Amino acid sequence: MTAPLIYLIAGEPSGDLLAARLMVALRQLTGGNVRFAGIGGEAMRDQGIASLFPQADLAVMGLAEVVPRIPLILKRLKQTLEDIAHLQPAVIVTVDSWGFTGRVAKRLKTAGSTIPRVHYVAPMVWAWKEKRVHQLADRVDLLLCLLPEEPDYFIRAGLRAVHVGHAVLESGADRGDGPGFRSRHGIPTAAPLLCVLPGSRRSETSRLLPVFAETVERLARQHADLQIVIPTVDTVAGAVSAAAWPVPAIVVRGADERYDAFAASDLALAASGTVALELAMAGVPMVIGYRLNRLTGMIAKRLLKIRFVCLINLLLGRSVVPELLLDDCRADRLADKLGELMDSADARARQRQGASQALAMLGRGGDSPSLRSAQEILSVIKGK
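The rules behind these values
Residues numbered from 1 in each chain as written. Predicted model: local features only at pLDDT ≥ 70, side-chain atom pairs only at ≥ 80, totals over all residues. Heavy atoms only, no water. Helix = DSSP H or I, 4+ residues; strand = E, 2+ residues; numbered from the N terminus. Buried < 20%, exposed > 50% of the residue type's maximum accessible area, 1.4 Å probe, protein only. Contact = heavy atoms within 4.5 Å. Areas by Shrake-Rupley, 256 points an atom, 1.4 Å probe, with all protein chains shown as cover. Lys, Arg positive; Asp, Glu negative; His and termini not counted. Charge placed at Lys NZ, Arg CZ, Asp CG, Glu CD. Salt bridge = Lys/Arg side-chain N within 4 Å of Asp/Glu carboxyl O. Axes fitted to C-alpha atoms, helices over the stretch in contact; angles between N-to-C directions. Parallel < 35°, antiparallel > 145°, perpendicular 65-115°, else oblique. Left-handed = near helix turned anticlockwise from the far one by under 90°. Pairing = 2+ DSSP bridges. Expected span 1.5 Å × (residues − 1). Arc of directions from axis to C-beta.

Further remarks concern the overall build of the chain. When helices and strands are counted, the chain shows 17 helices and 12 strands. Projected onto its principal axes, the C-alpha coordinates of the chain cover approximately 60 × 45 × 35 Å. Here the chain holds 384 residues, and 55% of them are scored as buried. By sequence separation, contacts in the chain at least 24 residues apart represent 70% of the contacts at least 6 residues apart. Accessible surface computed for the chain: about 16,600 Å², of which carbon and sulfur atoms make up 51%. The averaged location of the 38 negative side-chain charges in the chain is 7 Å from the averaged location of its 46 positive side-chain charges.

Structure, rendered in structure tokens:
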């Protein structure tokens, strides 16, 4: 019997990690009797997928950032649809990035494709764009949700939706070797180490690198022995390495080095995103910063219906992790918040305690989210 072909599409690095873990789980459940194709980044490449085109072509966020790249994105959309038509996979699994993956699903439905379509990671319909509930119900057959309260939004619209848990819980972010990392990179045990994470999309790093570099400069004035480590990914590694950091920067790649860096770090300065959960897993107190193009930021302010963007704060309904967004994302304010954490053991302990509560709400200590997701996908194939 020919092994079923699963077509995976992940449009950005966070989705790439989810998809890679899903591939591992699918191999485990099938005894390796499964094949993969699709679009992804370095984590999926490590699991054996030769991406149809570079994931960086899709890793962009914000209206003003997307518009200049529309011709390229449309080209990649056509290329993806042609590849799916040629390969005729057993199932298509799109991971996050609904701006692109939703268009893939729409075109497939319009063309009359009968290949089952599964979407992994629900768009934040409760934050904005509620009409996306009906978009998903119309375009996909199954939705795999990370948060426990999400399925109800979609079930009411007639879509089969299942809570599988957040795969960051199985990432290994809490198992890094901090002392080993410091030893390998010549970082003294007592030196304060700041982990800097300026995003995984070019549109993010272009706006955050300058303000994060200035933040580091301000913090270094108060802590002369400050050192920084910057875990990064393929999509932005060149820009991160070329940035003008005011203190020597250790730039690392790969999951093992990333999580060892977390374990070695005293604090983190990070772009908003899944990385906040990884840092929480590692017990690293953090400050979140984020900037958008001015036009995109104005639109976001009008449309967003939530008080926070950091998932830890959202889950708890209160501010545990400082988040400085849009016009508030300034070097002086970021440095002040980091300085407060650096100078107060109580503040660091309070953040760790709150983050631990949020992780418990995501299912920490329960079944593997990737295995649960893989089981649902295999059931779709069997149902077909």
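Below, the discussion takes up the pattern of salt bridges. The full count for this structure, using the stated rule, is 18 salt bridges. Its salt-bridge partner being Lys109, residue Asp138 comes within 2.6 Å of it at the nearest N-O pair. In this pair, Asp138 is assigned in helix H6 (residues 132–139) and Lys109 in helix H5 (residues 98–110), connecting sequence segments 29 residues apart. For Asp138, a relative accessible area of 43% translates into the label partly exposed. For the salt bridge of Glu257 with Arg184, the shortest nitrogen-to-oxygen distance reads 2.5 Å.

Moving on, we get to the packing of H5 against H6. The N-to-C vectors of H5 and H6 enclose an angle of 45°; their axes lie 9 Å apart at closest approach. Classified by the angle their axes make, H5 and H6 are oblique. The handedness of the crossing between H5 and H6 comes out as left-handed. Side by side, H5 and H6 meet where Trp98, Gly102, Arg103, Ala105, Lys106 and Lys109 of the first sit next to Arg132, Gln135, Leu136, Asp138 and Arg139 of the second.

Moving on, we get to the side chain of Arg117. When you line up the elements, Arg117 lands in strand S4 (residues 117–120). For Arg117, which is buried and forms no salt bridge, the nearest opposite charge comes from Asp141, at a distance of 4.8 Å. Those residues within four positions of Arg117 in sequence are excluded, and the remaining contacts are Ile92, Ala105, Leu108, Lys109, Arg139, Val140, Asp141 and Leu142.

Once that is clear, we can look at the side chain of Ser97. Its location among the elements puts Ser97 in the loop between strand S3 (91–95) and H5. On the basis of relative accessible area, Ser97 is assigned to the buried category, the value being 16%. Excluding residues within four positions of it along the chain, Ser97 makes contact with Gly11, Glu12 and Gly102.

Take the sheet that holds strand S9 (residues 249–253) next. Judged by pairing direction, the sheet is parallel, and its six strands sit side by side in the order S9-S8-S7-S10-S11-S12 without closing on themselves. Among the strands making up the open sheet, the edge pair consists of S9 and strand S12 (323–325). Pairwise comparison of adjacent strand axes, ignoring direction, gives a mean angle of 20° for this sheet. The pairing of strand S8 (residues 227–232) with S9 spans five bridges and is parallel. Bridge pairing links Ile228 to Ala249 in S9. Contacting strand S7 (193–197), strand S10 (267–271), strand S11 (286–290) and S12, helix H15 (residues 331–343) crosses the sheet at an angle of about 170° to S11.

Inspection of the secondary structure puts Cys195 in strand S7. Among the residues examined, Cys195 registers a relative accessible area of 0% and is labelled buried. Distance from Cys195 to Ala90, taken between C-alpha atoms, is 41 Å for residues 105 residues apart in sequence.

With that settled, the discussion passes to helix H4 (residues 70–87). Between its terminal C-alpha atoms H4 stretches 26 Å, which fits the 26 Å expected from 18 residues at 1.5 Å a residue. Along H4, the residues classified as buried are Ile73, Arg76, Leu77, Thr80, Leu81, Asp83 and Ile84. One side of H4 carries all its buried residues, which in axial view fall inside an arc of 160°. Exposed side of H4, more than 90 degrees from the buried face: Pro71, Lys75, Lys78 and His86 are the residues found there. Looking one or two residues beyond H4, the residue adopting positive phi is Gln88, at roughly 50°.

The next point concerns the sheet that holds strand S5 (residues 142–145). In a beta sheet, neighbouring strands are held together by backbone hydrogen bonds and run either parallel or antiparallel to one another. Judged by pairing direction, the sheet is parallel, and its six strands sit side by side in the order S2-S1-S3-S4-S5-S6 without closing on themselves. Because the sheet does not close on itself, it has two edges, and the strands there are strand S2 (35–39) and strand S6 (161–163). Each neighbouring strand pair of the sheet contributes to a mean axis angle of 20°, computed without reference to strand direction. Across five bridges, the pairing between strand S1 (residues 5–10) and S3 is parallel. Bridged to Ile9 within S3 is Thr94.

The backbone of Gln88 shows a phi angle near 50°, a positive value even though the residue is not glycine. Structurally, Gln88 can be placed in the loop between H4 and S3. Among the residues examined, Gln88 registers a relative accessible area of 52% and is labelled exposed. Despite not being glycine, Leu326 shows a phi value in the positive range, around 55°. Of note, Leu326 is situated in the loop between S12 and H15.

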